[in-house]
Amino acid sequence: MTNALFVVSECAPLVKTGGLADVAGALPVALAAQGVAVRVLLPGYRSVMRHTGTAKTVVRYDALFGGAAELLACKVAGVDLLILDAPHLYDRDGAIYGDATGQDWPDNAERFAALCKVGAMISADGVDGWRPDIVHGHDWQAGLTPEYMHILGVDVPFVFTIHNIAFHGNAEAGKLKTLGLDPARFNADHFEFWGQISALKAGLVGAAKINTVSQTYAEELLTPAFGIGMDGVLRARQADLSGIVNGIDLDVWNPETDPNIKTYQSPAGKAPNKKALQMTFGLGASDGPLCVLVSRLTEQKGIDLLLDALPALLDRGGQLALLGSGDPKLEVALLEAAERHENLSVKIGYDEALSHRMMAGGDVILVPSRFEPCGLTQLYGLRYGTLPLVALTGGLADTVINASPAALARGVATGLQFFPVNAQALANAFARLADLYDDGAVWKTMQRNAMKQPVGWETSAAAYKNIYDSLTETHT
């Protein structure tokens, strides 16, 4: 049995802002079947502390970046959790990364340095009789972990997963002393980035192995266009970089047992769910495809491209039901567009149960992202026979078989891809979509193909286990 410690800033179902939380909640369960015992170290945000139940205090810290803290152990949804209860850092109004206005918390460097430092201490001393063989950090919030491991003289292998390289976790150099980092390592070879402390770079440099969440995204990160300033660092570490596509929780996203949907989901049984969804969004019956989109509303997600390309969908009788929140300007633009178009309906916010009903009732799930490390919504769509229409980038390229003439002739297509990632290419894809939808036999074949695609964690969990094994064998 291999023991692995996840250091991560969010974990479903306790706290979630994106796909990282889904991975942190589902991958440990999948790894257990591979002989890996995972404990997830998670900040004790207010929302998390509401679910700790009879958690046991396993460590107390008299002073941790400005206050006392405790480490709690409990189990939620089949996942063993170590929750860092530090009220001065995590018990506050607003979101987990920022306040109610969307501004980052000014002490985010300290908040996540605390998480990393505790992760390093667990790697050094163990906790409650348990000690990790591997420390696995996720995104910049875990990036400083190997620096604290270095300070403590710990040689446990550190694995670092990039879920989205766009966020670096930079802090001003003046915080070196506050964060308790080694000033001798504040240089280009370690965690200095253009005169700032970069938590992301610390993770990239300090990791024994680096992976990201799709093979295509791993290749994209080596280029200036996608590497966001870290492409040089990653090219230097290319031999240690790999791509492992995410999976989804097949129990939570199960069209046969999903309690949120009207009836069992199958290509033949989609009609009742589609009708119910149209009623929910105030859309009438239509001869065209019902597209759905569940997303953060940002330019990265291609929402501005969607606005420009919408006429190509709506003019062919298509509909769009959209759920999401994000950039206020995009929210307003979408709501205004919905007022002009009767076949467009927008709900601002997030609703987990509604997202399930959208997957069940939609004909198409849209993911027009400019970049997408992996993406999970297209995997949900495949599982429910809701065909993905996606940009050709990152994990979207790796998980959807485009309805090209060759793929259609072989009967293997599962969705549509468009490239380049601009409004005109998306409009062209909407025209292709309408033609395919009009051909009922082809459409049903694509739905059946989609629902047969393997989208669970088994293969990917085995790939992570192989990384762990390669490091622990070398380490011993």
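The preceding data block contains the structure.
A short tour of the structure in this document, coming up. Bear in mind the structure is a predicted one, so any value in this text is a computation, not a measurement.

**What about helix α13 (residues 328-340)?**
Piece 1. In this model α13 runs 19 Å from its N-terminal to its C-terminal C-alpha over 13 residues, within 8% of the 18 Å that 1.5 Å per residue would give.
Piece 2. Within the span of α13, buried status applies to L330, E331, L334 and A337. Mapping the buried residues of α13 onto a view down its axis gives an arc of 130°, with all of them on the same face. Set apart from the buried face of α13 by more than 90 degrees, the exposed residues are P328, K329, E339 and R340.
Piece 3. On its buried face, α13 sits against β13 (290-297), α12 (303-314), β14 (319-326) and β15 (344-348).

**Some thoughts on the side chain of Q319**
Piece 1. Relative to the elements of secondary structure, Q319 occurs in strand β14.
Piece 2. Classification of Q319 by relative accessible area gives buried; the value is 0%.
Piece 3. Within polar-contact distance, the side chain of Q319 engages the side chain of N343 at 3.2 Å.
Piece 4. Discounting chain neighbours no more than four positions away, the residues touching Q319 are Q278, L283, G284, A285, S286, P289, L290, C291, L313, L314 and N343.

**Quick notes on the nonpolar core**
Side chains that are nonpolar tend, in soluble globular proteins, to be buried together.
Piece 1. If you look at the biggest cluster of nonpolar residues, it comprises 95 residues, and the most contacted ones within it are L31, L41, L81, I122, Y148, L204 and L234.
Piece 2. The element that contributes the greatest number of residues to this core is helix α4 (residues 108-125), accounting for 9 residues.
Piece 3. Those residues within four positions of I122 in sequence are excluded, and the remaining contacts are L5, L41, L71, L82, V127, W130 and P132.
Piece 4. If you look at the next biggest cluster of nonpolar residues, it comprises 64 residues, including W253, L305, L389 and A450.

**Brief notes about the pairing of strand β2 (residues 36-43)**
Piece 1. In terms of residue burial, β2 counts as a mostly covered element, since 6 of its 8 residues are buried.
Piece 2. Sheet topology note: the strand β1 (residues 2-7)/β2 ladder contains 6 bridges and is parallel. Across the sheet, residue A4 finds its bridge partner in β2, namely V38.

**Points about helix α19 (residues 440-452)**
Piece 1. Helix length check: α19, at 13 residues, gives a terminal C-alpha distance of 19 Å against a target of 18 Å (1.5 Å per residue), a fit within 8%.
Piece 2. For α19, every residue scored as buried is listed here: W443, M446, Q447, N449 and A450. One face of α19 carries all of its buried residues, which in axial projection span an arc of 165°. Pointing more than 90 degrees away from the buried face of α19 are the exposed residues A441 and K452.
Piece 3. Each element contacted by the buried residues of α19 is listed here: α11 (270-280), β16 (364-367), α15 (377-383), β17 (387-391), α17 (405-410) and α18 (423-438).

**A word on the sheet that holds strand β7 (residues 158-162)**
Adjacent strands of a sheet pair through backbone hydrogen bonds, lying either parallel or antiparallel.
Piece 1. Taking strand neighbours across the sheet as the criterion, the 9 strands line up as β3-β4-β5-β2-β1-β6-β7-β11-β12 in an open arrangement whose pairing is mixed. The open sheet has two edge strands, β3 (56-61) and β12 (241-243), and neither has a second partner. Averaged over neighbouring strand pairs, the angle between their axes works out to 25° when direction is ignored.
Piece 2. Across 3 bridges, strand β11 (residues 209-212) lies against β12 in parallel orientation. By the bridge assignment, T212 is partnered in β12 with G243.
Piece 3. Helix α1 (residues 19-32) contacts β1, β2, β5 (79-85) and β6 (134-138) of the sheet and is inclined by roughly 155° relative to β2.

**So, the pairing of β11**
Piece 1. Note: β7 against β11, 4 bridges, orientation parallel. If you follow T161 over to β11, its bridge partner there is N211.

**So, the packing of α12 against α13**
Piece 1. Interhelical geometry of α12 versus α13 gives an angle of 20° and a closest axis separation of 10 Å. With respect to α13, the axis of α12 lies roughly parallel. Between α12 and α13 the crossing geometry is left-handed. Residues I303, D304 and L307 of α12 lie in contact with α13, whose contacting residues are L330, A333, L334 and A337.
Piece 2. Considering only residue class, the contact of α12 with α13 consists of 6 nonpolar, no polar and 1 charged.

Conventions adopted
- Residues numbered from 1 in each chain as written.
- Predicted model: local features only at pLDDT ≥ 70, side-chain atom pairs only at ≥ 80, totals over all residues.
- Heavy atoms only, no water.
- Helix = DSSP H or I, 4+ residues; strand = E, 2+ residues; numbered from the N terminus.
- Expected span 1.5 Å × (residues − 1).
- Buried < 20%, exposed > 50% of the residue type's maximum accessible area, 1.4 Å probe, protein only.
- Arc of directions from axis to C-beta.
- Contact = heavy atoms within 4.5 Å.
- Polar contact = N/O pair within 3.5 Å; in protein donor to acceptor, adjacent residues only side chain to side chain.
- Core = buried A, V, L, I, M, F, W, Y, C linked by side-chain atoms within 4.5 Å.
- Pairing = 2+ DSSP bridges.
- Axes fitted to C-alpha atoms, helices over the stretch in contact; angles between N-to-C directions.
- Parallel < 35°, antiparallel > 145°, perpendicular 65-115°, else oblique.
- Left-handed = near helix turned anticlockwise from the far one by under 90°.
- Nonpolar A, V, L, I, M, F, W, Y, C, P; charged D, E, K, R; others polar.

Any functional reading would require information that these geometric values do not contain.
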